[in-house]
Structure formats: structure tokens, C-alpha cells
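The residues making up each chain are set out below.
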Amino acid sequence: MTTPPAAPVQKRRLDVLGLIAIVVASLALVPSLLVFLIGLIPEMNAIWWLGIILIPALGVAGVIALVLAIIGVIVAVRRGTRFVLSIVGGVLGILLLLPIAAIFIGPST
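Residues numbered from 1 in each chain as written. Predicted model: local features only at pLDDT ≥ 70, side-chain atom pairs only at ≥ 80, totals over all residues. Heavy atoms only, no water.

## Digging into the overall build of the protein chain
- When helices and strands are counted, the protein chain shows 3 helices and 0 strands.
- Walking the protein chain from its N terminus toward its C terminus, one meets helices and strands in the order α-α-α.
- The C-alpha atoms of the protein chain give 20 Å as radius of gyration, which overshoots the globular expectation for 109 residues (13 Å, by more than 25%).
- Counting only C-alpha atoms and orienting by the principal axes, one finds that the protein chain spans roughly 80 × 30 × 20 Å. (Helix = DSSP H or I, 4+ residues; strand = E, 2+ residues; numbered from the N terminus. Rg over C-alpha atoms; globule rule 2.2 N^0.38 Å.)

## Thoughts on the layout of surface pockets
- Quantified by volume, the largest pocket comes out at close to 160 Å³.
- Every residue lining the largest pocket is listed: Ser32, Leu33, Val35, Phe36, Trp48, Gly51, Leu54, Ile55, Leu58 and Pro99.
- Partitioned by chemical class, the residues of the lining of the largest pocket number 8 nonpolar, 2 polar and no charged. (1 Å grid on protein atoms, 1.4 Å probe; cavity = no way out; pocket = protein on both sides within 12 Å on 5 of 7 lines; lining within 4 Å. Points joined across faces, edges and corners; volume = space filled by probe spheres on them. Nonpolar A, V, L, I, M, F, W, Y, C, P; charged D, E, K, R; others polar.)

## Remarks on the nonpolar core
- Ranked by size, the top nonpolar core spans 12 residues in total: Ala21, Ile22, Ala25, Ala28, Leu29, Leu58, Ala61, Ala65, Leu68, Ala69, Leu92 and Leu96.
- If we ignore the near neighbours within four places in the chain, the residues touching Ala69 are Ala21, Ser86, Gly89 and Gly90. (Core = buried A, V, L, I, M, F, W, Y, C linked by side-chain atoms within 4.5 Å. Buried < 20%, exposed > 50% of the residue type's maximum accessible area, 1.4 Å probe, protein only. Contact = heavy atoms within 4.5 Å.)

## Description of the side chain of Ser86
- Along the chain, the position of Ser86 falls in helix 3 (residues 84-105).
- Exposure remark for Ser86: the relative accessible area of 1% places this residue in the buried category.
- Aside from chain neighbours lying at most four places away, what touches Ser86 is Asp15, Gly18, Ala69, Gly72 and Val73.

## Some thoughts on a nonpolar patch on the surface
- Side chains of Leu14, Val16, Leu19, Ile20, Val23 and Leu27 sit close together on the surface and give an oily, nonpolar patch of about 540 Å² of accessible area.
- As for its placement among the helices and strands, Leu14 is situated in the segment before helix 1 (16-39). (Patch = residues over 30% accessible without salt bridge, like charges linked within 9 Å, V, L, I, M, F, W, Y side chains within 5 Å. Areas by Shrake-Rupley, 256 points an atom, 1.4 Å probe, with all protein chains shown as cover. Salt bridge = Lys/Arg side-chain N within 4 Å of Asp/Glu carboxyl O.)

## Topic: helix 2 (residues 50-79)
- Given a rise of 1.5 Å per residue, 30 residues ought to cover 44 Å, and the 42 Å separating the end C-alpha atoms of helix 2 matches this to within 8%.
- Looking at the buried side of helix 2, the elements it contacts are helix 1 and helix 3.
- Positioned one or two residues after helix 2, Gly80 has a phi angle of 85°, which is positive. (Expected span 1.5 Å × (residues − 1).)

Keep in mind these values describe shape, not function.
Below is the structure:
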């Protein structure tokens, strides 16, 4: 008597769009954190001018990461696979957009 063939094992697909969103967000987040930490040193207060360059870069990278994360969640839900990396990429994208929101909203006086 022959045994029935085993069902093929479906390999879980990696959330590529979420991974790309995390990479894009981390490439923008690390330099801004370094500038912030170096700016805390009293002798290095002149480094804050780099914020003029970093704020637009944070905005662009945040929007790209957020869009990639949203598309990654939609694709993963339609496929029925995991989308944890897309959610992490979306959170990092929102984190990148927070400084810009703080500048535009600002404290009310």
C-alpha cells in the first residue's frame, strides 16, 4: 500500500516592503540622532545648523517609509502573510514626521 504524498510546506514570505521601510527610516533616523547627541555637548552647539539639512530629509524619508509601510500592510493582508515589519516601518515613518509636526504646530502662546 502506498502512502499519500505529504502536503507541500508553504514557506512564509518575508515582508519586503516593510523591510525596505525600516531601512529607509533608519538611514534617516541615525544621522539625526547623532546630530542631536553631538549638539548636547556645550562646545559643539554650532552643529545645530545641520538641522536645516536634516529636517527636510526626515520629512522625505518619513513619507517614503510611511507609504511603503501602508502598501506593505495592504499587500500582506491580501496575501495572508505576516506584516509586522510593515507596522514597524510605519511607526518609524511617523516618528520621522514628528519633528516636522512639532515645528509647524509649535507651542501656543
